[in-house]
Amino acid sequence: MTTRGQTQQFDKAAFKAAVQKHLVTTYAQTVETADTRSWYLAVGRALAEISTGSLLETEKFVAESNARSVNYLSLEFLIGRLTGNNLISMGLYEDVSGAVEELGLNLSDLLEEERDPALGNGGLGRLAACFMDSLAAQEYPAVGYGLHYEYGLFRQSFENGRQVEAPDAWRGIEGYPWEVLRPELNQTVGLYGRVESYINEDGENCRRWVPALNVEGVAWDLPLIGYDNKSVYPLRLWECRSPAPFNLARFNDGDYVGAQYGQLEAGNVTKVLYPNDNHDQGKALRLMQQYFHCACSVADILRRHFAAGHKIEDFAKLEAIQLNDTHPTIAIPELMRILLDEQNLDWDAAWAICSKTFAYTNHTLLPEALETWSEALISEMLPRHMEIIFEINHRFMSLVEKKWPGNNEIKRKLSIIEEGPQRMVRMANLCVVSTYAVNGVAALHSELVKRDLFPEFHELFPGRLHNVTNGVTPRRWVKYCNPGLSALISEKVGDDWPKKLEKIAGLEKFADDKAFQKRYMAVKKENKQRLANWVEENMGIELDTDAIFDIQIKRLHEYKRQHLNLVHILSLYHRLINEPTFDMHPRVFFFGAKAAPGYALAKDIIFAINKVAEKVNNDPRLGGKLKVVFIPDYRVSLAEILFPAADVSEQISTAGKEASGTGNMKFALNGALTIGTMDGANVEMREEVGDENIFIFGLLVDEVQKLLEEGYDPYRYYHADSLLRASLDLLETDEFTPGKPGQLAAIRHNLLEGGDPYLVLADFADYAKTHEKIDAEYRDQENWARKAILNTALMSKFSSDRSIRDYANNIWNLKPVSKK
Ligand SMILES: *Cc1c(COP(=O)(O)O)cnc(C)c1O
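Just so you know, these numbers come straight off a predicted model, no measurement behind them. (Residues numbered from 1 in each chain as written. Predicted model: local features only at pLDDT ≥ 70, side-chain atom pairs only at ≥ 80, totals over all residues. Heavy atoms only, no water.)

Focus on the sheet that holds strand β20 (residues 626–631)
Turning to step 1, where the next piece is worked out: Here 6 strands make up an open sheet; going across it, the order is β20-β19-β18-β21-β22-β23 and the pairing parallel. Edge positions in the sheet fall to β20 and β23 (695–696), since each has one partner strand and no second.
Turning to step 2, where the next piece is worked out: The sheet strands contacting helix α22 (residues 562–578) are β18 (548–553), β19 (587–592), β20 and β21 (648–651), and the helix crosses β19 at an angle near 155°. (Pairing = 2+ DSSP bridges. Helix = DSSP H or I, 4+ residues; strand = E, 2+ residues; numbered from the N terminus. Contact = heavy atoms within 4.5 Å. Axes fitted to C-alpha atoms, helices over the stretch in contact; angles between N-to-C directions.)

Focus on the sheet that holds strand β14 (residues 417–418)
Turning to step 1, where the next piece is worked out: Pairing is antiparallel across the open sheet formed by 3 strands, whose spatial order is β13-β15-β14. What marks the edges here is a single partner per strand, and that holds for β13 (372–374) and β14.

What to know about the layout of surface pockets
Turning to step 1, where the next piece is worked out: In this model, the largest pocket occupies a volume close to 1100 Å³.
Turning to step 2, where the next piece is worked out: Ile-88, Tyr-93, Lys-479, Tyr-480 and Pro-483 are the residues nearest the centre of the largest pocket, which is lined by 37 residues in total.
Turning to step 3, where the next piece is worked out: Taken together, the elements giving at least two residues each to the lining of the largest pocket come down to α3 (83–90), α4 (93–102), α5 (107–112), α19 (474–480), α20 (483–493), α21 (514–539) and α24 (636–642).
Turning to step 4, where the next piece is worked out: With 5 residues, α21 is the single largest residue contributor to the lining of the largest pocket.
Turning to step 5, where the next piece is worked out: Residue composition of the lining of the largest pocket, by class: 14 nonpolar, 9 polar and 14 charged. (1 Å grid on protein atoms, 1.4 Å probe; cavity = no way out; pocket = protein on both sides within 12 Å on 5 of 7 lines; lining within 4 Å. Points joined across faces, edges and corners; volume = space filled by probe spheres on them. Nonpolar A, V, L, I, M, F, W, Y, C, P; charged D, E, K, R; others polar.)

What to know about the site of the ligand
Turning to step 1, where the next piece is worked out: Close to the ligand lie 15 residues; Lys-554, Lys-560, Thr-662, Gly-663 and Lys-666 are nearest.
Turning to step 2, where the next piece is worked out: Considering the ligand on its own, with 390 Å² of exposed area, one finds that the protein chains cover 96% of that surface.
Turning to step 3, where the next piece is worked out: In this structure, the ligand is accommodated by the largest cavity.
Turning to step 4, where the next piece is worked out: Residue composition of the shell around the ligand, grouped by class: 5 nonpolar, 5 polar and 5 charged.
Turning to step 5, where the next piece is worked out: Residue contributions to the shell around the ligand reach at least three from each of two domains, namely domain 2 (66–80 + 116–435) and domain 3 (527–795). (Near = heavy atom within 4 Å. Areas by Shrake-Rupley, 256 points an atom, 1.4 Å probe, with all protein chains shown as cover. Sits in = over half its atoms within 2 Å of the grid points. Domains from an automatic or database assignment.)

Details of the UniProt feature "modified residue: N6-(pyridoxal phosphate)lysine" (unreviewed entry) in the protein chain
Turning to step 1, where the next piece is worked out: The positions that UniProt labels "modified residue: N6-(pyridoxal phosphate)lysine" (unreviewed entry) are, in the present scheme, Lys-666.
Turning to step 2, where the next piece is worked out: Of note, Lys-666 is situated in helix α25 (residues 663–669).
Turning to step 3, where the next piece is worked out: The residues contacting Lys-666, other than those within four sequence positions of it, are Arg-126, Val-472, Trp-477 and Phe-643. (UniProt positions renumbered as here; feature names shortened; annotations may be inferred.)

Quick word on the domain arrangement of the protein chain
Turning to step 1, where the next piece is worked out: Segmenting the protein chain into domains produces domain 1 (9–65 + 81–113), domain 2 (66–80 + 116–435) and domain 3 (527–795).
Turning to step 2, where the next piece is worked out: Computed over C-alpha atoms, the centres of domain 1 and domain 3 are 41 Å apart.

Here's the deal with the packing of aromatic side chains
Turning to step 1, where the next piece is worked out: All chains considered together, the criterion is met by 26 aromatic pairs.
Turning to step 2, where the next piece is worked out: Pairwise contacts between aromatic rings join Tyr-72, Phe-77, Phe-131, Tyr-807 and Trp-812 into one cluster.
Turning to step 3, where the next piece is worked out: Over the ring of Trp-477 we find Lys-666; its NZ or CZ atom is 4.4 Å from the centre of that ring. (Phe/Tyr/Trp six-rings, centres within 6.5 Å; stacked < 30°, edge-to-face > 60°. Lys NZ or Arg CZ within 6 Å of the ring centre and 35° of its normal.)

Quick look at unusual backbone geometry
Turning to step 1, where the next piece is worked out: In this structure, Asp-633 takes a positive phi of about 60° despite not being glycine.
Turning to step 2, where the next piece is worked out: Relative to the elements of secondary structure, Asp-633 occurs in the loop between β20 and α24.

So, the nonpolar core
The nonpolar side chains of soluble globular proteins are, as a tendency, buried together.
Turning to step 1, where the next piece is worked out: Counting 276 residues, the largest nonpolar core has Leu-47, Leu-531, Phe-590, Leu-626 and Leu-761 as the members making the most contacts within it.
Turning to step 2, where the next piece is worked out: Among the elements that take part in this core, helix α2 (residues 36–64) stands out by supplying 11 residues, more than any other.
Turning to step 3, where the next piece is worked out: Those residues within four positions of Leu-761 in sequence are excluded, and the remaining contacts are Tyr-712, Pro-714, Tyr-717, Tyr-718, Leu-724, Leu-728, Leu-751, Leu-752 and Asp-756. (Core = buried A, V, L, I, M, F, W, Y, C linked by side-chain atoms within 4.5 Å. Buried < 20%, exposed > 50% of the residue type's maximum accessible area, 1.4 Å probe, protein only.)

Re the side chain of Ser-446
Turning to step 1, where the next piece is worked out: Among the secondary structure elements, Ser-446 is positioned in helix α17 (residues 443–453).
Turning to step 2, where the next piece is worked out: The exposure class of Ser-446 is buried, given its relative accessible area of 6%.
Turning to step 3, where the next piece is worked out: If we skip the residues at most four places from it in the chain, Ser-446 touches Gly-440, Val-441, His-466 and Asn-467.

Next up, the structure:
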């Protein structure tokens, strides 16, 4: 069983034997008494065995083909469960389903046993996962490099409506069946210490780093399995371990505590994923994670390069390194250090390689998310890297001086070093200076990167700034998570749409076909029922699938404006109770969102939504028209139930704040209509599906900027709009927190005295009016079905396969390598 895919035979007897062997020998269970979890583990191991063979074959084939590869460096890979998706990629879903049935098992039950590897926070980490899927599906030689966190993103539960965080031990005690240790790839990583000067054999002055501490990087590979092809690439995750029980030198010096302290710290490096989304916390351990990740990854890329017999001079020709945000920026001075101090290249030769190797993706314009590290911290932990950063900046400043002679203001603005009470290193500036390509993640965002974030860099390095609009993989986000819709699509356009999403445009001509509309809406209804069942079983809330399912699922953040959604819900509540003539189609508002543990207002918003939900779900005065459901512990496996069940997708960020969004794309592909601002990829989605098939509202980017410059006064809207006023004032009463008025007042306070930094009040009226339009349009089911079908049909641009082709053609200069 070394081959696979639809073209190969599946040896059912051999597979069953492999599963039973793992059940007994790997997991020490008996066939008679093993529980579902043990069977899932055994099936996972048996499948992983097949893919590990293919992974080694692909590695060998790529190395021998002398092809160029891309190395995708990301601190996060939010891959979600692998077993079901891998079965689809391997073309074995039906076969394995049949095989486990003969073992007396149900495949769906087994798949439910898998815990999500939640090695990411949200969109950025999920994007990395979709990109790896699309690289493998299209056979672009690639390695994903990340960290093997012991604990992924925290598990969320609610206690009295408040978020409670618990550690996420995603591997369980048995380990994760899809990962394989690669001990021959281990790396040693230095930290702290000092820099020495010395004179080499050629009489040249040289510098070298003498670290005070070494830690060990252990490589774990997860298979990235190409859909319907034979290629399997590694997602290589580094785990940090302490190399020896003690730092012997310091131990012998009598520094017993110091010797062990190093060990404690090393053990901590990959312990836990930082739970911040779009927010830089600046903790020393995070810098250590970043460097550990970069040092292991750069060393492994060089190892592959040399093992294939290549010279260092050809490095940039054969390897591209993509930095997913600034989190892996320290890879740049790390490669410079190795080229200068270990490969003995001079600065110009080293820089020529470095500056043709790295490319950088910017994910945000939010100032609080732009990373800076204090010079003092970097100098202590990575003294040689700090020297190199200063040298890069020194040479860059000469360039700026040449372009804008004597202009110190521009120098201050562009410098990699920010002057102040403590000097800070601006990682984004370091990236723009040191990479050959910088890209934003949607057309609007990339324009704003050029216009607002890096205008002078754009002048200085014309052609360096690009756009690559994000996408999502149609394998996980349609074929796997929405089997009903997938069957319907295949019937109409053939079954190769999962790798050629352009094919779904063939659905357009069925948008007015009454019979097709009925079947399309029947699939939607089944998906709504599947979600309703989950909610009933897990939360005890009964839902009516005739209601509009209106869903906002994403990280909790002020800029994403879950509180705008909340204020609108309050306005509906107010109207249902106080306006005798007010009517609305029944609606269920779903939320799913984790708040960063230190983000107080975000947690207040979760609490408020939960309290409002408690009240409205049980208030007989509302006649069942309004329900609110906050799904706890939002993660990929729940997203797979939520996206297919949505009628309405909430994409309501303040214009200019959401770089792209990818949830918006998953919703529309699955036939939800978007209510959204002219922000991120919403703009391009509107272009694709047409203005009639999307509900756009709110201020435009330039209107937002103008309003803020003129001096925005939220009270103006509060006083002018009685519905808005009534809705906000509900937050001060004890309507939702009986006997405890004021428990929800922090949100109202933020929106009024707090100045409403994300313009919730300014956009409220248009938002509410647009929701009335949705209500009216939904009542005409044929009209709605038509629009939903067109959303699915016209979304092919947003396949991550297209994004990856854009990167390959415009940034990486990468060609597929296929072993046919
Ligand atoms: C797609 C996805 C996201 C990103 O959602 P946005 O709405 O683009 O912020 C976050 N988390 C999970 C689990 C996802 O699947």
